[in-house]
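Take a look at the letters that make up each chain.
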Amino acid sequence: MAEIKVPVVRNILQANERLASENRRRFDEAGIFVINLMSSPGAGKTSLLEKTIETLAGRMGIAVIEGDLQSSRDAERIQKKGVQAVQINTEGGCHLDGNMIQIAMDSIDLSGVDLLIIENVGNLVCPAEFNLGEHEKITMLSVAEGDDKPVKYPLMFQICSVLLVNKIDLLPYTDCDVEKIRQTSRQLNPGGLVFEISCRTGEGFEPWLSWIENKVGEHRKNRSGAAPHADKS
Ligand code: MG
Ligand code: ZN
């Protein structure tokens, strides 16, 4: 039976890759920098978005796509911050895919958007396998989850550009060893960045916010760089 199952999974992933590259083309044409934010449930993804938007909303156009199994609670939280937020309900599905993003994009006005953040379904496993067309993957881990997660769920920590270690304010109340997280992360993903943050206190946010601002700047440049095509006479 395993011989049958493997090609089926491969076909699903290949079909998803096609949709993801269509999404990417659309993002690039619009000059929008896109992040795919992943973590287990409760690590603090929506709180990260709230805190990030509070600081950056005055400096750039932001839109959010929220993925959850049920409810529109998270999109409502984000809308309260004054930015566009679209909720995808996967109705039991444990990850977002390229097709869901395509559908959600129809409800977003892209004009004036510089940064699109996609909050994936809380799950440390299969979101890592489904590209959405994003430019960068961000993995978030809270210190309350323990320092063994990168060893147990390596793919999620291998593929991310940035690992956010959240709830750093709770460190004194846990046995979590952040140095161990950093070490495993370095082994799995030598080029990856690690930022320690607290979405509750705002501690450690500066490097994270500057990283986003730099990326948004690069993508804006590409957008204005698209103009010379019109010169061809
Ligand atoms: Mg959430
Ligand atoms: Zn899944």
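Residues numbered from 1 in each chain as written. Chains lettered and ligands numbered in written order. Predicted model: local features only at pLDDT ≥ 70, side-chain atom pairs only at ≥ 80, totals over all residues. Heavy atoms only, no water.

J.: For the coordination of the magnesium ion (ligand 1), give the residues involved together with the corresponding values.
T.: Looking at the magnesium ion (ligand 1), the protein donor atoms are T46 (OG1), D74 (OD) and E119 (OE), and they sit 2.0 to 2.1 Å from it. Read N to C, the donor residues that coordinate the magnesium ion (ligand 1) are spaced as T-x27-D-x44-E. One end of the pair, T46, is in helix α2 (residues 45-56); the other, D74, is in helix α3 (residues 73-79), with 28 residues separating them in the sequence. On the basis of relative accessibility, which here comes to 6%, the residue T46 falls in the buried class. (Donors = N, O, S within 2.8 Å, 3.2 Å for Na, K, Ca; no water. Helix = DSSP H or I, 4+ residues; strand = E, 2+ residues; numbered from the N terminus. Buried < 20%, exposed > 50% of the residue type's maximum accessible area, 1.4 Å probe, protein only.)

J.: Explain the environment of S107 residue by residue, including any values.
T.: Here S107 lies in the loop between α4 (98-105) and β4 (115-119). By relative accessible area, which is 51% here, S107 ends up exposed. Distance in space between the C-alpha atoms of S107 and S161 is 28 Å, their sequence separation being 54 residues. Not counting the four nearest positions on each side in its chain, S107 is found in contact with Q84 and V86. (Contact = heavy atoms within 4.5 Å.)

J.: Please give an account of the side chain of K149 that cites residues and values.
T.: As for its position among the elements, K149 is in helix α5 (residues 149-152). A polar atom in the side chain of K149 sits 3.1 Å from the side chain of D148. Non-local contacts of K149, meaning those with residues more than four positions away in its chain, are made with L124, L141 and F157. (Polar contact = N/O pair within 3.5 Å; in protein donor to acceptor, adjacent residues only side chain to side chain.)

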